[in-house]
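# Observations on the model geometry
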Amino acid sequence: MTAVKSGLMIIDQHRADVRIRFERYLHQLAETPARSQRLLFPEAVEFSSAEVVLLESQLSSLVAVGFDLTQLGPLNYAVHGVPADLEGVSPADVLHDLLSVPTASNGLDDAHHQMALTLARRTSISYGEVLSNEEMDVLVNNLFGCQNVNYTPDGKAILCILPQQDIEQLLG
C-alpha cells in the first residue's frame, strides 16, 4: 500500500512482478537477448520425444531469455546457463513447463507471449513474500515503467485506489 494524492493505492506485489517480468522477457525475445547465468555444475535434463521436437523449434527463443543448452543425446540436454532471475527454481522444471504450454497457432508473437508469461509466472515473487522498503520502491518504480500498469498479461487487476472520501466514510 502507498499513499497517493487521491487516496490509498493497493498493489498486488505478485501480479506487479509478473507484469514487470513478462514485459522484460518479451523485450528479450524481440530485441535484446538476456545474458545467461552460468551454472557451477551443469544440470542434465531428460525430455520426451515430443518435448525435444518443441525444444529444437524454440531453442533460439530459449537462448534469447538466457538458457544455455547443449545436446547430450537424443533425449538429453545439459543446462549450462539459465536466465539470471531464475533463483531457487529448478531449470528442468521450468523447461518442462515451457515445453508443456500449448503451441501457439497464431505465429511467433503468440509463442513469445506464452513463453514470456510462463517464465514470468515461474520466476515472480510469491504471494505473502515480505519485501523490504527498498524492494517495494524498486517494484513500484519498475511497475510504473511498464506499458500497462493496471493489468497482468492475462487480464487480472494489479492495483486499485481506495479514494480518500471512502476512507473518511469508513473511519467516520
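Right, let's walk through the structure included here. (Residues numbered from 1 in each chain as written. Predicted model: local features only at pLDDT ≥ 70, side-chain atom pairs only at ≥ 80, totals over all residues. Heavy atoms only, no water.)

## A look at the pattern of salt bridges
- Within the structure shown, the criterion is met by eight salt bridges.
- Of the charged contacts, one joins Asp154 and Arg121 as a salt bridge, the two residues approaching to 2.7 Å between their closest N and O atoms. Of this pair, Asp154 sits in the loop between helix 5 (133-143) and strand 6 (159-163) while Arg121 sits in helix 4 (residues 108-123); the two residues are 33 residues apart in sequence, bridging distant segments of the chain.
- With relative accessibility at 37%, the residue Asp154 sits in the partly exposed group.
- With relative accessibility at 44%, the residue Arg121 sits in the partly exposed group.
- Ionic contacts of the salt-bridge type, sharing partners, join the residues Asp17, Arg21, Arg24 and Asp85 into one network. (Salt bridge = Lys/Arg side-chain N within 4 Å of Asp/Glu carboxyl O. Helix = DSSP H or I, 4+ residues; strand = E, 2+ residues; numbered from the N terminus. Buried < 20%, exposed > 50% of the residue type's maximum accessible area, 1.4 Å probe, protein only.)

## Section: the pairing of strand 5 (residues 76-83)
- The buried fraction of strand 5 amounts to seven of the eight residues, a majority that puts the element mostly inside the structure.
- With seven bridges joining them, strand 3 (residues 36-46) and strand 5 adopt antiparallel strand pairing. Paired with Ser36 across the two strands is Pro83, which belongs to strand 5.
- By the bridge criterion, four bridges tie strand 4 (residues 68-71) to strand 5 in an arrangement that is antiparallel. Paired with Leu69 across the strands is Val79, a residue of strand 5.
- The antiparallel pairing of strand 4 with strand 5 creates a hairpin that spans four residues between the two strands. (Pairing = 2+ DSSP bridges.)

## A look at helix 1 (residues 13-30)
- Between its terminal C-alpha atoms helix 1 stretches 26 Å, which fits the 26 Å expected from 18 residues at 1.5 Å a residue.
- By the burial criterion, the buried members of helix 1 are His14, Ala16, Asp17, Val18, Arg19, Ile20, Arg21, Phe22, Glu23, Tyr25, Gln28 and Leu29.
- Capping of helix 1 at its N-terminal end is provided by Asp12; its side-chain oxygen lies 3.1 Å from the backbone amide nitrogen of His14. (Expected span 1.5 Å × (residues − 1). Polar contact = N/O pair within 3.5 Å; in protein donor to acceptor, adjacent residues only side chain to side chain.)

## Overview of the sheet that holds strand 5
- Strand order in the open sheet made by the three strands is 3-5-4, with antiparallel pairing throughout. Bordering the open sheet on either side are strand 3 and strand 4, each of which pairs with just one other strand. Mean inter-strand twist for the sheet, computed between neighbouring axes without regard to direction, equals 20°. (Axes fitted to C-alpha atoms, helices over the stretch in contact; angles between N-to-C directions.)

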